[in-house]
Amino acid sequence: MALLKIARMGHPVLLMKAEPVADPGAPEVRRLAADMIETMLDAPGVGLAASQVHIPLRLFVMHLPADRNGGAAIGPSVVINPSFEPVGEDTAMRFEGCLSIPGLRAAVPRWVRIRYSGVDCDGRPVGGEVDGLHANVVQHEYDHLDGILYPMRVTDFCSFGFVEELARFPPGMEKAA
Ligand code: NI
(Lines give C-alpha, C1' and ligand atoms only; values in the text may rest on other atoms or scores of the structure.)
Protein backbone atom coordinates (compact mmCIF):
# COMPACT_ATOMS: atom_id res chain seq x y z
CA MET A 1 0.00 0.00 0.00
CA ALA A 2 1.20 3.46 -0.78
CA LEU A 3 0.02 7.03 -0.87
CA LEU A 4 -0.12 8.29 -4.45
CA LYS A 5 0.60 11.79 -5.71
CA ILE A 6 -2.60 13.59 -6.68
CA ALA A 7 -2.52 15.60 -9.93
CA ARG A 8 -3.70 19.18 -9.60
CA MET A 9 -5.75 21.18 -12.09
CA GLY A 10 -3.47 22.27 -14.91
CA HIS A 11 -1.85 18.84 -15.28
CA PRO A 12 -2.83 17.47 -18.71
CA VAL A 13 -3.65 13.98 -17.36
CA LEU A 14 -6.81 15.49 -15.84
CA LEU A 15 -8.05 16.45 -19.31
CA MET A 16 -7.51 13.02 -20.89
CA LYS A 17 -10.30 10.62 -21.77
CA ALA A 18 -9.39 7.51 -19.76
CA GLU A 19 -9.14 4.04 -21.31
CA PRO A 20 -11.27 1.06 -20.21
CA VAL A 21 -9.66 -1.37 -17.77
CA ALA A 22 -8.96 -4.54 -19.77
CA ASP A 23 -8.71 -6.92 -16.80
CA PRO A 24 -10.33 -5.67 -13.56
CA GLY A 25 -8.85 -8.61 -11.63
CA ALA A 26 -5.24 -8.01 -12.72
CA PRO A 27 -2.83 -7.69 -9.76
CA GLU A 28 -1.78 -4.19 -10.83
CA VAL A 29 -5.41 -3.05 -10.91
CA ARG A 30 -6.03 -4.44 -7.41
CA ARG A 31 -2.92 -2.69 -6.18
CA LEU A 32 -3.92 0.56 -7.86
CA ALA A 33 -7.41 0.40 -6.32
CA ALA A 34 -5.98 -0.30 -2.86
CA ASP A 35 -3.50 2.57 -3.16
CA MET A 36 -6.22 4.91 -4.43
CA ILE A 37 -8.45 4.04 -1.45
CA GLU A 38 -5.57 4.71 0.94
CA THR A 39 -4.83 8.01 -0.82
CA MET A 40 -8.50 9.08 -0.78
CA LEU A 41 -8.93 8.30 2.92
CA ASP A 42 -5.69 10.09 3.78
CA ALA A 43 -6.61 13.26 1.85
CA PRO A 44 -9.42 12.97 3.06
CA GLY A 45 -11.94 12.81 0.23
CA VAL A 46 -15.14 11.01 -0.71
CA GLY A 47 -13.98 9.99 -4.20
CA LEU A 48 -10.87 9.67 -6.32
CA ALA A 49 -10.52 8.77 -10.00
CA ALA A 50 -7.47 7.02 -11.46
CA SER A 51 -6.76 10.02 -13.70
CA GLN A 52 -6.19 12.03 -10.54
CA VAL A 53 -3.23 9.79 -9.66
CA HIS A 54 -1.79 10.13 -13.18
CA ILE A 55 -3.24 6.86 -14.51
CA PRO A 56 -5.87 7.47 -17.21
CA LEU A 57 -7.90 4.29 -16.71
CA ARG A 58 -11.65 4.05 -16.20
CA LEU A 59 -11.97 3.37 -12.50
CA PHE A 60 -12.67 5.34 -9.37
CA VAL A 61 -12.92 4.74 -5.66
CA MET A 62 -15.38 6.28 -3.21
CA HIS A 63 -16.17 6.37 0.45
CA LEU A 64 -19.28 8.06 1.80
CA PRO A 65 -19.06 8.43 5.58
CA ALA A 66 -22.31 7.74 7.45
CA ASP A 67 -22.50 11.30 8.78
CA ARG A 68 -22.51 12.70 5.24
CA ASN A 69 -24.78 10.09 3.69
CA GLY A 70 -27.92 10.05 5.79
CA GLY A 71 -26.50 7.60 8.34
CA ALA A 72 -25.47 4.90 5.85
CA ALA A 73 -21.76 4.54 5.09
CA ILE A 74 -20.84 3.43 1.57
CA GLY A 75 -17.46 1.86 0.84
CA PRO A 76 -14.60 2.38 0.60
CA SER A 77 -15.22 0.66 -2.70
CA VAL A 78 -13.93 0.59 -6.26
CA VAL A 79 -15.99 1.00 -9.45
CA ILE A 80 -14.27 -0.21 -12.62
CA ASN A 81 -15.46 0.62 -16.16
CA PRO A 82 -18.49 2.53 -14.89
CA SER A 83 -21.49 3.76 -16.79
CA PHE A 84 -24.51 5.71 -15.59
CA GLU A 85 -27.77 7.18 -16.77
CA PRO A 86 -30.12 9.70 -15.18
CA VAL A 87 -33.36 8.44 -13.64
CA GLY A 88 -35.95 11.11 -14.30
CA GLU A 89 -35.12 14.61 -15.44
CA ASP A 90 -34.57 16.43 -12.14
CA THR A 91 -31.32 18.30 -11.64
CA ALA A 92 -30.09 20.25 -8.63
CA MET A 93 -27.23 22.56 -7.77
CA ARG A 94 -24.80 20.83 -5.40
CA PHE A 95 -21.62 22.17 -3.87
CA GLU A 96 -18.57 20.15 -4.88
CA GLY A 97 -14.89 20.18 -4.20
CA CYS A 98 -12.12 18.13 -5.78
CA LEU A 99 -8.83 16.79 -4.46
CA SER A 100 -7.22 18.08 -7.68
CA ILE A 101 -8.48 21.62 -6.93
CA PRO A 102 -7.67 21.97 -3.23
CA GLY A 103 -9.31 24.66 -1.15
CA LEU A 104 -12.09 25.57 -3.58
CA ARG A 105 -15.75 24.70 -3.97
CA ALA A 106 -18.56 25.61 -6.33
CA ALA A 107 -22.19 24.75 -7.00
CA VAL A 108 -22.58 22.43 -10.00
CA PRO A 109 -25.78 21.19 -11.68
CA ARG A 110 -26.12 17.40 -11.36
CA TRP A 111 -28.79 14.78 -11.96
CA VAL A 112 -30.65 14.17 -8.69
CA ARG A 113 -31.12 10.44 -9.29
CA ILE A 114 -29.04 8.08 -11.41
CA ARG A 115 -28.57 4.40 -12.13
CA TYR A 116 -24.94 3.34 -12.44
CA SER A 117 -23.03 0.13 -12.92
CA GLY A 118 -19.50 -1.19 -13.09
CA VAL A 119 -17.51 -4.06 -11.64
CA ASP A 120 -15.15 -4.52 -8.70
CA CYS A 121 -11.74 -6.20 -8.71
CA ASP A 122 -13.41 -9.62 -8.56
CA GLY A 123 -15.49 -8.84 -11.63
CA ARG A 124 -18.66 -8.64 -9.53
CA PRO A 125 -21.25 -6.08 -10.61
CA VAL A 126 -21.51 -2.96 -8.47
CA GLY A 127 -23.80 0.06 -8.62
CA GLY A 128 -27.54 0.59 -8.44
CA GLU A 129 -30.08 3.37 -8.37
CA VAL A 130 -28.92 6.16 -6.06
CA ASP A 131 -29.51 9.80 -5.16
CA GLY A 132 -28.06 12.39 -2.79
CA LEU A 133 -24.32 12.49 -2.17
CA HIS A 134 -23.89 9.02 -3.66
CA ALA A 135 -25.29 10.15 -7.02
CA ASN A 136 -23.21 13.31 -6.88
CA VAL A 137 -19.94 11.55 -6.23
CA VAL A 138 -20.53 9.04 -9.03
CA GLN A 139 -21.23 11.86 -11.52
CA HIS A 140 -18.21 13.86 -10.37
CA GLU A 141 -15.85 10.87 -10.55
CA TYR A 142 -17.30 9.73 -13.86
CA ASP A 143 -16.57 13.18 -15.28
CA HIS A 144 -12.90 12.73 -14.36
CA LEU A 145 -12.80 9.67 -16.62
CA ASP A 146 -13.84 11.88 -19.52
CA GLY A 147 -11.36 14.63 -18.65
CA ILE A 148 -14.02 16.93 -17.17
CA LEU A 149 -13.34 18.93 -13.99
CA TYR A 150 -16.23 20.42 -12.03
CA PRO A 151 -15.35 24.07 -12.84
CA MET A 152 -16.16 23.20 -16.47
CA ARG A 153 -19.76 22.59 -15.31
CA VAL A 154 -20.15 25.70 -13.16
CA THR A 155 -23.05 27.83 -14.38
CA ASP A 156 -23.00 30.47 -11.62
CA PHE A 157 -19.49 31.65 -10.90
CA CYS A 158 -20.77 33.64 -7.92
CA SER A 159 -20.87 30.26 -6.13
CA PHE A 160 -17.18 29.53 -6.85
CA GLY A 161 -14.91 30.27 -3.94
CA PHE A 162 -12.52 29.19 -1.25
CA VAL A 163 -13.91 26.74 1.28
CA GLU A 164 -13.14 29.03 4.24
CA GLU A 165 -14.81 32.05 2.67
CA LEU A 166 -17.91 30.10 1.60
CA ALA A 167 -18.17 28.83 5.18
CA ARG A 168 -18.01 32.40 6.49
CA PHE A 169 -20.49 33.72 3.93
CA PRO A 170 -22.87 30.86 3.02
CA PRO A 171 -24.43 31.50 -0.39
CA GLY A 172 -27.54 29.47 0.48
CA MET A 173 -27.52 27.24 -2.57
CA GLU A 174 -28.98 23.70 -2.99
CA LYS A 175 -31.94 25.08 -4.88
CA ALA A 176 -33.48 23.33 -7.85
CA ALA A 177 -31.69 24.13 -11.11
NI1 NI B 1 -12.53 15.44 -8.37
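Throughout what follows, the structure given in this document is the object of discussion.

1. Describing the sheet that holds strand S3 (residues 74-86)
Part 1: Read from one edge to the other, the open sheet built from 5 strands follows the order S1-S2-S3-S6-S7, with strand pairing classed as antiparallel. The two strands at the open ends of the sheet, each matched to only one other strand, are strand S1 (47-49) and strand S7 (125-131). Going from strand to strand, the sheet's axes swing by 35° on average, the running direction of each strand aside.
Part 2: Note: strand S6 (residues 113-119) against S7, 7 bridges, orientation antiparallel. Its bridge partner being in S7, tyrosine 116 is matched across the sheet by glycine 128.
Part 3: Across the sheet, helix H1 (residues 27-42) touches S1, strand S2 (59-64) and S3, and the angle it forms with S2 is around 40°.

2. As for the coordination of the nickel ion
Six octahedral donors around a metal ideally make angles of 90 or 180 degrees; four tetrahedral donors ideally make 109.5 degrees.
Part 1: Looking at the nickel ion, the protein donor atoms are Cys98 (SG), His140 (NE2) and His144 (NE2), and they sit 2.1 to 2.3 Å from it.
Part 2: Mapping the donors of the nickel ion onto the primary sequence yields the spacing C-x41-H-x3-H. Taken together, the positions of histidine 140 and histidine 144, both in helix H2 (residues 132-145) and 4 residues apart, correspond to about one turn of that helix. Summarising the burial analysis for this pair, histidine 140 and histidine 144 share the class buried.

3. Thoughts on the pattern of salt bridges
Pairing of side chains with opposite charge becomes possible as their charged atoms draw close.
Part 1: Counted by the stated rule, this structure contains 14 salt bridges.
Part 2: Residue arginine 30 pairs with aspartate 122 through a salt bridge whose shortest N-O separation is 2.8 Å. Of the two residues, arginine 30 is situated in helix H1 and aspartate 122 in the loop between S6 and S7; the sequence distance between them amounts to 92 residues.
Part 3: Judged by its relative accessible area of 47%, aspartate 122 falls in the partly exposed class.
Part 4: Here glutamate 165 ties to arginine 168 by a salt bridge, and the two come within 2.8 Å at their closest N and O atoms. A residue pair is termed a helical-turn pair when its members lie 3 or 4 positions apart in one helix, as glutamate 165 and arginine 168 do in helix H3 (residues 163-168) at 3 residues.
Part 5: It is possible to trace a salt-bridge network through shared partners that takes in Glu85, Arg113, Arg115, Glu129 and Asp131.

4. Here we look at the sheet that holds strand S4 (residues 91-96)
Part 1: Strand order in this open sheet of 3 strands is S4-S5-S8, and the pairing throughout is antiparallel. Edge positions in the sheet fall to S4 and strand S8 (161-162), since each has one partner strand and no second.
Part 2: Against the sheet, H2 contacts S4 and strand S5 (104-111), and its axis sits at roughly 100° relative to S5.

5. What to know about the environment of glycine 132
Part 1: If you trace the backbone, glycine 132 turns up in helix H2.
Part 2: Residue glycine 132 is classed as partly exposed on the basis of its relative accessible area, which comes to 29%.
Part 3: For the pair glycine 132 and glutamate 89, spaced 43 residues apart in sequence, the C-alpha to C-alpha distance is 15 Å.

6. Some points on the environment of arginine 8
Part 1: Looking at where arginine 8 falls in the secondary structure, it is placed in the segment before H1.
Part 2: In this structure arginine 8 comes out as exposed when scored by relative accessible area, which is 57%.
Part 3: Distance from arginine 8 to glutamine 52, taken between C-alpha atoms, is 7.6 Å for residues 44 residues apart in sequence.
Part 4: Leave out the neighbours within four places in its chain, and arginine 8 touches Leu14, Ser100 and Pro102.

7. A word on H1
Helical geometry note: an α-helix holds 3.6 residues per turn, so side chains three or four residues apart project in the same direction.
Part 1: In this model H1 runs 23 Å from its N-terminal to its C-terminal C-alpha over 16 residues, within 8% of the 22 Å that 1.5 Å per residue would give.
Part 2: Considered for burial, the residues of H1 that qualify are Val29, Leu32, Ala33, Asp35, Met36, Ile37, Thr39 and Met40.
Part 3: Contacts made by the buried residues of H1 are with S1, S2 and S3.

Reading the values: the criteria
- Residues numbered from 1 in each chain as written.
- Predicted model: local features only at pLDDT ≥ 70, side-chain atom pairs only at ≥ 80, totals over all residues.
- Heavy atoms only, no water.
- Pairing = 2+ DSSP bridges.
- Helix = DSSP H or I, 4+ residues; strand = E, 2+ residues; numbered from the N terminus.
- Axes fitted to C-alpha atoms, helices over the stretch in contact; angles between N-to-C directions.
- Contact = heavy atoms within 4.5 Å.
- Donors = N, O, S within 2.8 Å, 3.2 Å for Na, K, Ca; no water.
- Buried < 20%, exposed > 50% of the residue type's maximum accessible area, 1.4 Å probe, protein only.
- Salt bridge = Lys/Arg side-chain N within 4 Å of Asp/Glu carboxyl O.
- Expected span 1.5 Å × (residues − 1).

All we've got here are geometric facts, nothing functional implied.
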